Amino acid sequence: MALNMESLAEATSGAVGSLLSTTILYPLDTCKSKYQAELRAHGQAKYRNTLDVLLEAISSRQVLSLYQGLGTKNVQSFVSSFIYFYGYDFFKKLYLKRSGFKSIGTRANLVIAVVAGAFTVIITQPLDTASSRMQTSDFGKSKGFWKTLSEGTWSEAFDGLGISIILTSNPAIQYTAFDQFKARMLKEKMKSKRGVESSPESLSAFSAFILGAVSKCFATCITYPLIRCKVMIQSAESEEDGEDEAELKARKTISGSLRAIWKKEGLMGFFKGLQPQILKTVLSSALLLMIKEKISKTTWVLLLAVRRYLFLTRARLKSS
């Protein structure tokens, strides 16, 4: 029971942190996604950077369109983060219990993170696909969740599933690094409170922010070419792309998107949009982990208070 309560607290705090960070940074995410989704030869690109996307929204009086797909994205972020953090925390504690080890090694931590991430992706992929299509639609022409998915086949709702599973290595690397640094920083604190019933120690907001930013930046740089391919695979078909049906179909595969990038944009095309991607993901992950740390501690204090209250109430009933 205690194991489930701990996993539930981790999952809830992680999901709330993801929801808040996604909402705060959503306009930046929309600009980044539209910039990444554009595939044109050098000199013909509509957007030179993400600022051009923002200026287009302002000049066309479609600023609110920067929030198109926010509802779907929030549902996807909340559900995926809840499933991920619950699975990650549950299996990590189960591994420690079965193995008898006091701490988890880097290799085992990475494997558990990848498994939790793959399980999460399979369940939430339709939401991810829909939100990406809504974000990359032309300003003012985004459609609702059901209409976005119903226009294609059921298999198209899982566009990018393969690359999404591969990209589970990104959060796996991030959270593994974060947990290892966190464990070292809190080691002395936990020693001083050994044997005393209290809520688990947590990082300060500043420490969580810095560790989250550094770990996510490293993971993003390594996996970025695949990140851009995923956006292209899931993006909406713009009226201005000028691609025929065969080109669009080929671009919906990993190999096809990689070839298209190389053909039209060259080597540097694989890293187009890297700076806004790092800015968005680092801020998002840092905010998520910072919020999660503070909510997790508060949740544990509340759970501890409830447990003590129930214990005292039971003791009084027995004595009477």
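Residues numbered from 1 in each chain as written. Predicted model: local features only at pLDDT ≥ 70, side-chain atom pairs only at ≥ 80, totals over all residues. Heavy atoms only, no water.

### Quick notes on the packing of helix 2 (residues 26–37) against helix 9 (residues 205–234)
Rules: Where helices are involved, their axes are fitted lines through C-alpha atoms of the stretch in contact, as for all axes, and angles between N-to-C directions lie from 0 to 180°. Going along the chain from the N terminus, every DSSP run of H or I of four or more residues is numbered as a helix, and every run of E of two or more is numbered as a strand. Our angle categories are set so that under 35 degrees counts as roughly parallel, over 145 as roughly antiparallel, 65 to 115 as roughly perpendicular, and the remainder as oblique. Throughout, a contact is declared for two residues whenever any of their heavy atoms are within 4.5 Å. Note on residue classes: Ala, Val, Leu, Ile, Met, Phe, Trp, Tyr, Cys and Pro are nonpolar, Asp, Glu, Lys and Arg are charged, and everything else, Gly too, is polar.
Closest axis-to-axis distance for the helix 2/helix 9 pair is 8 Å, and the angle between their directions is 90 degrees. One way to sum up the angle between helix 2 and helix 9 is to call them roughly perpendicular. Only Tyr 224, Ile 227, Arg 228, Val 231 and Met 232 of helix 9 make contact with helix 2, whose side of the interface consists of Ser 33, Gln 36 and Ala 37. Residue composition of the contact of helix 2 with helix 9, grouped by class: five nonpolar, two polar and one charged.

### Let's talk about the nonpolar core
Defined as follows: Throughout this description, the term nonpolar core refers to a set of buried Ala, Val, Leu, Ile, Met, Phe, Trp, Tyr and Cys residues connected via side-chain atoms within 4.5 Å. Only protein chains enter the area calculation, which uses a 1.4 Å probe; residues under 20% of their type maximum are buried, those over 50% are exposed, and those in between are partly exposed.
Ranked by size, the top nonpolar core spans 18 residues in total, and within it Tyr 84, Phe 85, Tyr 88, Tyr 175, Phe 178 and Leu 203 carry the most contacts. Contributing elements (two or more residues each) for this core: helix 4 (70–99), helix 5 (106–136), helix 8 (169–192), helix 9 and helix 12 (274–319). Sequence-distant contacts of Phe 178, defined by excluding residues within four places in its chain, comprise Leu 203, Ala 208, Leu 211, Gly 212, Ser 215, Leu 289 and Glu 293. Leu 167, Ile 227, Ile 261 and Ala 286 belong to the second largest nonpolar core, which has 15 residues in total.

### Here's the deal with helix 5
In an α-helix there are 3.6 residues to a turn, and that puts residues three or four apart on one side. To keep it simple, the criterion reads: Take the number of residues in a helix, subtract one, and multiply by 1.5 Å to get its expected span. Bend at a given residue is defined as the angle between two axes, one fitted to the seven residues that end at that position and one fitted to the seven that begin there.
Taking 1.5 Å per residue as the helical rise, helix 5 with its 31 residues ought to reach 45 Å, whereas the 37 Å between its terminal C-alpha atoms falls clearly short. Maximal helix bending in helix 5 amounts to about 65 degrees, located at Thr 124; proline Pro 126 follows within four positions. The buried count for helix 5 comes to 22 of 31 residues, which makes it a mostly enclosed element.

### A few points about the packing of aromatic side chains
Rules: Only centres within 6.5 Å qualify two rings of Phe, Tyr or Trp (six-membered ring in Trp) as a pair; their planes then separate them into stacked at under 30 degrees, edge-to-face at over 60, and tilted for everything else. Lysine and arginine charges are scored as sitting over a ring when NZ or CZ, respectively, is within 6 Å of the ring centre and within 35 degrees of the ring normal.
All told, the structure shown has nine aromatic pairs when counted by the stated rule. With 5.8 Å between their ring centres and 10 degrees between their planes, Tyr 84 and Tyr 88 make a pair best called stacked. One end of the pair is Tyr 84 and the other is Tyr 88, both in helix 4 and four residues apart, which spans about a single turn. On the accessibility criterion, Tyr 84 (6% relative accessible area) is buried. Its relative accessible area of 5% is what places Tyr 88 among the buried residues. Taking 5.5 Å as the distance between ring centres and 85 degrees as the angle between the ring planes, the aromatic pair formed by Phe 90 and Phe 91 counts as edge-to-face. Given a relative accessible area of 41%, Phe 91 falls into the partly exposed group. Among the aromatic side chains, those forming a connected cluster through ring pairs are Phe 82, Tyr 86, Phe 90 and Phe 91. A cation over an aromatic ring shows up here: Lys 34 above the ring of Phe 139, its NZ or CZ 4.8 Å from the ring centre. For the cation-ring pair, Lys 272 lies above Tyr 35, with the distance from its terminal atom to the ring centre recorded as 4.9 Å.

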